[in-house]
Amino acid sequence: MEIGKMEGGRGAGTQTELYDTPVYVRSRRAYLWQAAFEYFVSLLLADAFLAKLLLYIGMSDGMIGVVSSLTSFAFLFQLLTFVLTPHVHNTKKTVIGFNLGGWIFFLIIYLVPFMPFGVPVKTGIVILSFLMAYLLKNAVGTVCFGWANSFVDPRKRGEYSALKEIISLAGGSLFVLAAGYVVERFEAAGAERIGFGFLIALMIVCGLADFYCLMRIGSGEKKNSAARRPAAVWKHILGNRAFVHVIIMISLWYIGAYLTVGFMGTFKTTELALSLGVIQIINVAASLCRILISGPFGRYSDRTPYAKGYRTALLCMAAAFAVNVFTAPERKWLVFLYTLLYQIGAAGTGQNGENICYNYVDREYMVSAMAIKNCISGLLGFGASLVGSRILTAIQERGNQICGIRIYGQQFLSALSCMFMIAAFLYAKHVVEKQERIIQ
């Protein structure tokens, strides 16, 4: 059942005219590119780029693993939203200030190789900079989404989210390939420091572009005074049974995904004996499929409840993990099908997981509601990864056998993940979809 809720008493025609005004059009375009440039910066601090930087500093493999895992705790910093929101009087200035501060700390990480300190001091600077950067960025992450997304026509949120994802994914793929090629050329020439200098220049350009795009977004709406009172926020959100059901549905997905996904890298390189080149080809091909499916998925979600779009994506995820149950060295080609199905599902869970909040929470409480959703589901997902690690270790210690049957830990974890995806699918279909939803 739908509950129509027009803003400020405006009719549909007036709303359409509002979203077609120059400031709204300009803001939407700016947000598309801001998300892309922010994504480019994050790519420079992940995977091979980060590992190369930290190895150059002199960190051990174990310490590099610790630094890389710091991103797992980033979602906890979103709890700062509750402390910050009551004191925000200018959303635009607050978001820009915090984002700029986070970018500066990211930049400091790339400047560490040029600092005249020993490895222990450099390690401390890297860890502190990572924590400060994620603290600042995540404190305003949901605030930024609520502010920038307010310029998007409610009837086209799914399509817009898909376009934003397409630009970031396609641009990010080209960005990583180009940056990696240049850095490798410098490295081959024995000029590794110049390669890091090139990455610093890239980070500066992307950071400034991110700043410029945020400046191009309009000022946004004034906040409701009730939404500024923490007690009112907690009472409204935790007392909202419809939104609690949404949190449960999304948490089931997080648990299912985190049980297995974090352990697929070693499965591909060790048990399946795939080369890094083959793995990259599989990932790029799957990403291209995700890019192609994002647009249709977004338009489908705009025509149906976001919960239905999310449910469809969960079915793809369940199929992906079901396929992975049978992935083994003699059937290693199945890992491509797993990756493809997973990325197609991710196209739907990513878009609808954010937009679904609009259907069950009043807009003035949106920022806090999203922070609660992300923290609870993220914490449960992280806990699932710890459980998955224990299960994987136990199976490997038994020679990859259960009751005399040959099975790899990732296969067993995939079976568990599939069950959680099916549970989330059924919960979405029989509980979330049947709730009254707000159109706003």
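Residues numbered from 1 in each chain as written. Predicted model: local features only at pLDDT ≥ 70, side-chain atom pairs only at ≥ 80, totals over all residues. Heavy atoms only, no water.

1. Some details on the overall build of the protein
Point 1. From N to C terminus, the protein includes 18 helices and four strands.
Point 2. Taken over C-alpha atoms, the radius of gyration comes to 22 Å for the protein, in line with the 22 Å a tight globule of 440 residues would show.
Point 3. Based on the C-alpha atoms only, the size of the protein along its principal axes is roughly 65 × 55 × 40 Å.
Point 4. Considering the protein as a whole, with its 440 residues, one finds that 51% of them fall into the buried category.
Point 5. Across the protein, every contact between residues at least 6 apart in sequence was considered, and the portion connecting residues at least 24 apart equals 83%.
Point 6. Here the protein has roughly 19,800 Å² of accessible surface; of this, 68% comes from carbon and sulfur atoms. (Helix = DSSP H or I, 4+ residues; strand = E, 2+ residues; numbered from the N terminus. Rg over C-alpha atoms; globule rule 2.2 N^0.38 Å. Buried < 20%, exposed > 50% of the residue type's maximum accessible area, 1.4 Å probe, protein only. Contact = heavy atoms within 4.5 Å. Areas by Shrake-Rupley, 256 points an atom, 1.4 Å probe, with all protein chains shown as cover.)

2. Side note on the pattern of salt bridges
Point 1. Applying the stated criterion across every chain, the model contains six salt bridges.
Point 2. For lysine 137, the salt bridge is made with glutamate 38, and the minimal N-O distance between the two is 3.4 Å. In this pair, lysine 137 sits in helix H7 (residues 119-139) while glutamate 38 sits in helix H2 (residues 22-43), placing the two residues 99 residues apart along the sequence.
Point 3. Taking the relative accessible area as the measure of exposure, lysine 137 reaches 15% and is therefore buried.
Point 4. Measuring nitrogen to oxygen at the nearest pair gives 2.9 Å for the salt bridge that ties arginine 155 to aspartate 153.
Point 5. Judged by its relative accessible area of 42%, arginine 155 is partly exposed. (Salt bridge = Lys/Arg side-chain N within 4 Å of Asp/Glu carboxyl O.)

3. Comments concerning the nonpolar core
Point 1. The biggest cluster of nonpolar side chains holds 112 residues, and the ones touching the most others in it are Tyr110 and Phe130.
Point 2. Sort the elements by how many residues they give to this core and helix H12 (residues 241-260) lands first, with 10 residues.
Point 3. Beyond its immediate chain neighbours, meaning those up to four positions away, tyrosine 110 contacts Leu44, Leu45, Phe49, Leu53, Phe196, Leu199, Ile200 and Met203.
Point 4. By size, the runner-up hydrophobic cluster in this structure holds six residues, among which are Ile255, Leu259, Leu392 and Leu413. (Core = buried A, V, L, I, M, F, W, Y, C linked by side-chain atoms within 4.5 Å.)

4. A closer look at the packing of aromatic side chains
Point 1. Following the criterion strictly, the structure yields 16 aromatic pairs and no others.
Point 2. Pairwise contacts between aromatic rings join Tyr19, Tyr24 and Phe151 into one cluster. (Phe/Tyr/Trp six-rings, centres within 6.5 Å; stacked < 30°, edge-to-face > 60°.)

5. Observations regarding the side chain of serine 168
Point 1. Residue position: serine 168 is located in helix H9 (residues 157-188).
Point 2. Note on serine 168: relative accessible area 10%, which makes it buried.
Point 3. Here serine 168 is in contact with Ala35, Ala36, Tyr39 and Phe40, once residues within four sequence places are set aside.

6. Observations regarding H2
Point 1. With 22 residues, H2 ought to run about 32 Å at 1.5 Å a step, and its terminal C-alpha atoms sit 32 Å apart, in line with that.
Point 2. Every buried residue belonging to H2 is among Tyr24, Ser27, Arg28, Ala30, Tyr31, Leu32, Gln34, Ala35, Ala36, Phe40, Val41 and Leu43, and all of these are buried. (Expected span 1.5 Å × (residues − 1).)

7. Quick notes on the confidence of the model for the protein
Point 1. Scored by pLDDT, the protein comes out at a mean of 85, with 91% of its residues at no less than 70.
Point 2. Looking at the elements of the protein, mean pLDDT is at its lowest for strand S1 (residues 2-4), recorded as 56, and at its highest for helix H18 (residues 409-432), recorded as 95.
Point 3. Contacts of residues 6-11 to residues separated by more than four positions or lying in other chains number 10 contacts, the stretch itself having pLDDT below 50. (pLDDT = per-residue confidence, 0-100.)

8. Some thoughts on the packing of H9 against helix H10 (residues 192-216)
Point 1. Viewed as axis vectors pointing N to C, H9 and H10 meet at an angle of 155 degrees, and their least axial separation amounts to 7 Å. Judged by the angle between their axes, H9 and H10 are roughly antiparallel. Crossing angle aside, the handedness with which H9 passes H10 is right-handed. On the side of H9, the interface is formed by Phe175, Ala179, Val182, Val183, Phe186 and Glu187, while H10 contributes Glu192, Ile194, Gly195, Phe198, Leu199, Leu202 and Cys206.
Point 2. For the contact of H9 with H10, a count of residues per class yields 10 nonpolar, one polar and two charged. (Axes fitted to C-alpha atoms, helices over the stretch in contact; angles between N-to-C directions. Parallel < 35°, antiparallel > 145°, perpendicular 65-115°, else oblique. Left-handed = near helix turned anticlockwise from the far one by under 90°. Nonpolar A, V, L, I, M, F, W, Y, C, P; charged D, E, K, R; others polar.)

9. With respect to the packing of helix H15 (residues 306-324) against helix H16 (residues 334-355)
Point 1. Where H15 contacts H16, the axes come no closer than 8 Å and their chain directions differ by 160 degrees. As far as their axial angle goes, H16 and H15 are roughly antiparallel. For H15 against H16, the interelement crossing comes out left-handed.
Point 2. The residue makeup of the contact of H15 with H16, split by class, is 16 nonpolar, eight polar and no charged.

10. Some words on a nonpolar patch on the surface
Point 1. A surface patch of nonpolar side chains, about 310 Å² in accessible area, is lined by Leu100, Ile104, Phe211 and Met215.
Point 2. Of all the elements in the fold, those that place two or more residues in the nonpolar patch are helix H6 (91-111) and H10.
Point 3. With respect to the helices and strands, isoleucine 104 occurs in helix H6.
Point 4. For isoleucine 104, a relative accessible area of 39% gives the class partly exposed. (Patch = residues over 30% accessible without salt bridge, like charges linked within 9 Å, V, L, I, M, F, W, Y side chains within 5 Å.)

11. So, H12
Point 1. The terminal C-alpha atoms of H12, which comprises 20 residues, lie 30 Å apart, in line with the 28 Å expected from a rise of 1.5 Å per residue.
Point 2. In terms of burial, H12 is a largely internal element, 16 of the 20 residues being buried.
Point 3. Backbone nitrogen of alanine 242 and a side-chain oxygen of the N-cap are separated by 3.2 Å at the start of H12; the cap is asparagine 240. (Polar contact = N/O pair within 3.5 Å; in protein donor to acceptor, adjacent residues only side chain to side chain.)

12. What to know about unusual backbone geometry
Most peptide bonds take the trans configuration, and most residues that are not glycine carry a negative phi.
Point 1. Despite not being glycine, alanine 273 shows a phi value in the positive range, around 55 degrees.
Point 2. Mapped onto the elements of the fold, alanine 273 is located in the loop between helix H13 (264-271) and helix H14 (276-303).

13. Looking at the side chain of serine 301
Point 1. Among the structural elements, serine 301 can be located in helix H14.
Point 2. Contacts of serine 301, omitting those with residues within four sequence positions, involve Tyr306, Gly309 and Asn352.

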